Amino acid sequence: MTLLDAVLSLSEAPARDEALQRILRALARVTAADALSVLTAAEDGSVGVAAQIGLSPAALGMSFRPAEHPRLRRATQAAGPIRFLDPSEPDPYSGWLLGNPGEIHPIHACMAVPLHVQGRLAGLLTLDACDPHGLRGLRDEDARVFAGLCAGALRLDAGAGPLDAGPIARRASGPASSGPAPASRSAGMQRIEREIAVLAPLSVPVLVTGETGVGKELVARALHERSPRASRALVIVNCAAIPAQLVESELFGHRRGAFTGATAARAGRFEAAHGGTIFLDEIGELPLSAQAQLLRALQEGEIQPVGEDRARRVDARVVAATNRDLRREVAEGRFRADLFHRLWVYPICVPPLRERREDIPTLCERFAAALAAELGAGRVDFTEPALGALAQGAWPGNVRELKNAVERAVLRRTIAEGKSAAGGALVVRREDLDAIDGGAQERSLAPRIGLPGERLQLADAPLGQPVELLAEALERARRDAFGRAFRAAGGNAATAGRLLGLSRSFAYKEAVRLGLIPPAGPRKR
């Protein structure tokens, strides 16, 4: 039934990423692999982790340049499954295995299968087992079958990588390069993923709302890139940056001599977006005169260049964004009610960073790794106090402000270590960070995130009890889940692993670590 489960994933999974995850879970049931992943190929030649089992959660969305990783380079050039037998070749996932943060032992089993869609490389399927013989039972033919299923899942949503934890992004830098970004951990961003999946193929207007710096433009890019218009232009207009007297000319064009300085006819932004998408950022800044023309473009698909008597047909999908309360703007007469209702077909509200704090660690690691790659440094880590301080910041500028703060910290650490940072690892410390405004609690109802080791005493907690540390809560939940699985499986690691969606070897090692089963004794010769 395992192969059947994997096949059904293509038809039953709600989205590409879920289909890939289900296929990997099915593959994990028939192999002793400790880690499995699907990497998708980006236009710049990099590959990024789109789905994985057995790796650190932060690995989701990591990107690599194959030219810098011998195994990935050979895998992308291979015609079929390839097994890596040279222990001198570094493994790209060294240090990222779940429960094993150290370097992977040079002698281990490692395999990759290229994924091809319509004759082009779409990504890679990779398998790692700490046991040097862990992948011996997986035939190349079987690996090809699972790789074909993964390629089919990629074809379901060709060209649309997962969205970033924030802001939403088709590309976000990982340890070495740009590539697909990780699926967000926060419920709010996962909701937006589902909304984009439904709205992207349509031509209806979309209004994106949210505070400054949350990534509204990147939502517009995702809507365009996942739409049938993706091969045509995405025209971005910052309405706030256009002088009021030139707005109509910029948007709709003008004929020669229409006004002083119009020495030649000029097409507007709408005509430039014909067949594609026009993104009107800060639409609340448009003057009322331009709003009337915009309404006509939305309703009739027509624009009228300044100075011309006849209207022109134009086919451009409109995505607008604002950080203003347009309902209030309408009530106070600064925004047309009819245009508001025409845009308010389906609004997408991007949550501020303080409402999705679980995304902060992943964002920090990605921003730091992207800059470190430019600087020639290796992997970037954060000390727990540094991540704790970043997590409890107010971040009124949202993801944009967080990115700037992380990049300053990486630069400070690079300068402090000087030439020794080249090619080596960087560890960002608390002292590398700016003074962080921790006043998020005064601006938000979101709970404050304490530093590692700190127990927060909430005034409204039952009987004044301290809040349990997240790490302790997760460890307790993990112990409970493994305990139930091993009891249901009668102590059999392979069966318990299948129940948990994990490989037999990983389930066994984790159960031993948790003290649920005794370790195996030495083998008798």
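A. Local environment of the sheet that holds strand 15 (residues 347-349). Read from one edge to the other, the open sheet built from 5 strands follows the order 10-11-14-9-15, with strand pairing classed as parallel. Two strands close off the open sheet at either side, each with one partner strand: strand 10 (234-238) and strand 15. Across this sheet, the average inter-strand angle for adjacent strands is 20 degrees, counted without regard to direction. The pairing of strand 9 (residues 206-209) with strand 14 (residues 317-322) spans 4 bridges and is parallel. Bridging from a neighbouring strand, Leu 207 pairs with Ala 320 of strand 14. Where helix 5 (residues 187-199) meets the sheet, its contacts fall on strand 9, strand 14 and strand 15, and the angle it forms with strand 15 comes to roughly 155 degrees. Lying over the sheet, helix 6 (residues 216-225) contacts strand 9, strand 10, strand 11 (277-281), strand 14 and strand 15, oriented at roughly 165 degrees with respect to strand 14.

B. Quick peek at the side chain of Glu 89. Among the secondary structure elements, Glu 89 is positioned in the loop between strand 4 (82-83) and strand 5 (109-117). Taking the relative accessible area as the measure of exposure, Glu 89 reaches 14% and is therefore buried. Dropping the residues within four chain positions of it, Glu 89 is found in contact with Pro 70, Arg 71, Arg 74 and Phe 84.

C. Local environment of a nonpolar patch on the surface. On the surface, Leu 375, Leu 411 and Ile 415 cluster together into a nonpolar patch covering about 280 Å² of accessible area. Here Leu 375 lies in helix 12 (residues 360-375). Given the relative accessible area of 37%, Leu 375 is considered partly exposed.

D. Looking closely at the packing of aromatic side chains. Evaluated as defined, the whole model comprises 3 aromatic pairs. Measuring from centroid to centroid gives 6.1 Å for Phe 64 and Tyr 93, while their planes differ by 70 degrees, and the two rings are edge-to-face. Of this pair, Phe 64 sits in strand 3 (residues 63-64) while Tyr 93 sits in the loop between strand 4 and strand 5, and the two are 29 residues apart along the sequence. In this structure Phe 64 comes out as buried when scored by relative accessible area, which is 2%. With relative accessibility at 4%, the residue Tyr 93 sits in the buried group.

E. Highlighting the sheet that holds strand 5. Read from one edge to the other, the open sheet built from 6 strands follows the order 3-2-1-6-5-4, with strand pairing classed as antiparallel. The open sheet has two edge strands with one neighbour each: strand 3 and strand 4. In this sheet, strand 2 (residues 47-53) lies alongside strand 1 (residues 35-41) in antiparallel orientation, the contact comprising 6 bridges. Note on strand 2: the bridge partner recorded for Thr 40 is Gly 48. Helix 2 (residues 16-28) rests against strand 1, strand 2 and strand 6 (120-129) of the sheet, and its axis sits at about 55 degrees to strand 2.

Rules of the game
Residues numbered from 1 in each chain as written. Predicted model: local features only at pLDDT ≥ 70, side-chain atom pairs only at ≥ 80, totals over all residues. Heavy atoms only, no water. Pairing = 2+ DSSP bridges. Helix = DSSP H or I, 4+ residues; strand = E, 2+ residues; numbered from the N terminus. Axes fitted to C-alpha atoms, helices over the stretch in contact; angles between N-to-C directions. Contact = heavy atoms within 4.5 Å. Buried < 20%, exposed > 50% of the residue type's maximum accessible area, 1.4 Å probe, protein only. Patch = residues over 30% accessible without salt bridge, like charges linked within 9 Å, V, L, I, M, F, W, Y side chains within 5 Å. Areas by Shrake-Rupley, 256 points an atom, 1.4 Å probe, with all protein chains shown as cover. Salt bridge = Lys/Arg side-chain N within 4 Å of Asp/Glu carboxyl O. Phe/Tyr/Trp six-rings, centres within 6.5 Å; stacked < 30°, edge-to-face > 60°.

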